[in-house]
Amino acid sequence: MYRLMKYVLIGPLLRLFFRPKIEGAENIPATGGAVLASNHLAVADSFFLPLMVSRRVTFLAKREYFTGTGVKGRLKKWFFSGMGQVPIDRSSGAAAQAALDTGVRLLTEGSLLGIYPEGTRSPDGRLYKGKTGLARMVLQSKVPVVPVAMVGTDKANPIGSKMWHPYPIRIKIGEPLDFSRYDGLAGDRFVERSITDEIMYALMELSGQEYVDVYATKVKDDLDRAAAAARLEAMTPRTPPEVESADRVPETKVG
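Residues numbered from 1 in each chain as written. Predicted model: local features only at pLDDT ≥ 70, side-chain atom pairs only at ≥ 80, totals over all residues. Heavy atoms only, no water.

This part covers the overall build of the protein. Check the secondary structure of the protein and you find nine helices and nine strands. For the protein, long-range pairs separated by at least 24 residues make up 79% of all intrachain contacts whose partners lie at least 6 apart in sequence. For the protein, the exposed surface amounts to about 14,900 Å²; the carbon and sulfur share of it is 56%. (Helix = DSSP H or I, 4+ residues; strand = E, 2+ residues; numbered from the N terminus. Contact = heavy atoms within 4.5 Å. Areas by Shrake-Rupley, 256 points an atom, 1.4 Å probe, with all protein chains shown as cover.)

See below:
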């Protein structure tokens, strides 16, 4: 199914309309487990990256993509499975640990795992603080991290858009990052943060994005709350200001 999607059903159309190009593909290991750590500008990132990389790329995707009902639900499950995505549950701390375990298992089995360290799409095109789950997986699986910069996907697939717009897509692959110097330090929060920050710095240099030392999820939550407050204010009827009563009736002349 993956090859059918890539070479027959979807891949040729993406190549025709978006003319994607990749730089530094030689930096991706030919065999063995490795992480492709990418910035995340749009849903389209998960289409163009596996399209342009010769090895099969596996992503960890939220479970909701695979649990829909009816014809639409079955089509979504078929599609995301065909795109090489593995369902994970992110609803609790235990679920998050299970997701990390799944990532480690895939890496130790020799998979090329695509991960977005920011944890969500950028709300405004800037690069945000990375989450340390990636570092935990790398320390446990002892694999290299290959930084990836997606360029132009936010123009082809703007946030909230239902239709994609033809726009040239570029993918930049950086040199692999080796964290073997931290072997045996899995679970050390300081080490995990240091690894994560080094990965984000590499992504910043590769992509040219402005870096913001805040989690993108927090920024999105703040934007959602502000939008909700604005909607509530717009729906609330305005009370006319009270008019002070005069202490005397002004003299008038009637003609």
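A separate point is unusual backbone geometry. Non-glycine residue Arg19 carries a positive phi angle of around 45°. With respect to the element layout, Arg19 can be found in the loop between helix 2 (11-18) and strand 1 (21-23). For Arg19, a relative accessible area of 54% puts it in the exposed group. Of note in the backbone geometry, Lys142 takes a positive phi value of approximately 60° without being a glycine. Relative to the elements of secondary structure, Lys142 occurs in the loop between helix 6 (133-141) and strand 7 (145-151). Residue Lys142 is classed as exposed on the basis of its relative accessible area, which comes to 59%. (Buried < 20%, exposed > 50% of the residue type's maximum accessible area, 1.4 Å probe, protein only.)

For the rest of this paragraph, the subject is the side chain of His40. Among the secondary structure elements, His40 is positioned in the loop between strand 2 (34-38) and helix 3 (45-52). A distance of 3.4 Å separates a polar atom in the side chain of His40 from the backbone oxygen of Ala42. Setting aside its immediate chain neighbours within four residues, His40 contacts Asp45, Tyr116, Glu118, Thr120, Arg121 and Ser122. (Polar contact = N/O pair within 3.5 Å; in protein donor to acceptor, adjacent residues only side chain to side chain.)

What follows is about the sheet that holds strand 8 (residues 170-173). Reading across from one edge, 1-8-7-2-5-3-4 is the order of the seven strands in this open sheet, with mixed pairing throughout. Each having just a single partner strand, strand 1 and strand 4 (85-88) make up the two edges of the open sheet. Each neighbouring strand pair of the sheet contributes to a mean axis angle of 25°, computed without reference to strand direction. Its contacts with the sheet place helix 8 (residues 189-207) against strand 2, strand 7 and strand 8, and it is angled at close to 35° to strand 7. (Pairing = 2+ DSSP bridges. Axes fitted to C-alpha atoms, helices over the stretch in contact; angles between N-to-C directions.)

Burial analysis of helix 3 places eight of its eight residues in the buried class, the great majority of the element. Of the positions making up helix 3, those classed as buried are Asp45, Ser46, Phe47, Phe48, Leu49, Pro50, Leu51 and Met52.

Formed by 27 residues in total, the largest nonpolar core has its most connected members in Leu36, Phe48, Leu49 and Ile171. Elements that contribute at least two residues to this core include exactly helix 1 (2-9), helix 2, strand 2, helix 3, strand 3 (57-62), strand 7 and strand 8. Looking at which element gives the most residues to this core, the answer is helix 3, with five residues. Ranked by size, the runner-up nonpolar core spans 25 residues in total, among them Leu106, Ile115, Ile199 and Leu203. (Core = buried A, V, L, I, M, F, W, Y, C linked by side-chain atoms within 4.5 Å.)

What follows deals with the packing of helix 6 against helix 8. Viewed as axis vectors pointing N to C, helix 6 and helix 8 meet at an angle of 105°, and their least axial separation amounts to 8 Å. Put simply, helix 6 runs roughly perpendicular to helix 8. Packed against helix 6, whose contacting residues are Leu134, Ala135, Arg136 and Leu139, the element helix 8 presents Val191, Glu192, Ile195, Thr196 and Ile199 at the interface. (Parallel < 35°, antiparallel > 145°, perpendicular 65-115°, else oblique.)

On to the packing of aromatic side chains, then. Describing an aromatic ring pair means giving the distance of the ring centres and the angle of the ring planes. Counting across every chain of the model gives five aromatic pairs. When the ring of Phe18 is compared with that of Phe48, the centres are 5.3 Å apart and the planes differ by 75°; the resulting orientation is edge-to-face. With Phe18 in helix 2 and Phe48 in helix 3, the pair connects residues that are 30 residues apart, well separated along the chain. For Phe18, a relative accessible area of 7% gives the class buried. Overall, the relative accessible area of 0% leaves Phe48 in the buried class. (Phe/Tyr/Trp six-rings, centres within 6.5 Å; stacked < 30°, edge-to-face > 60°.)

It is worth spelling out a nonpolar patch on the surface at this point. On the surface, a nonpolar cluster with roughly 780 Å² of combined accessible area is contributed by Met1, Leu4, Tyr7, Val8, Leu9, Val71, Leu75 and Trp78. Those elements that place two or more of their residues in the nonpolar patch are helix 1 and helix 4 (70-82). On the secondary structure map, Trp78 appears in helix 4. (Patch = residues over 30% accessible without salt bridge, like charges linked within 9 Å, V, L, I, M, F, W, Y side chains within 5 Å. Salt bridge = Lys/Arg side-chain N within 4 Å of Asp/Glu carboxyl O.)

A one-sided burial pattern is seen for strand 8, the buried positions being Ile171 and Ile173 and the unburied ones Arg170 and Lys172. Alignment of strand 1 against strand 8, held across three bridges, turns out to be parallel. Opposite Lys21, over in strand 8, you have Arg170 as the bridge partner. As defined by bridge partners, strand 7 adjoins strand 8 across four bridges and the pair is classed as antiparallel. Bridge pairing in strand 8 places Ala149 opposite Lys172.

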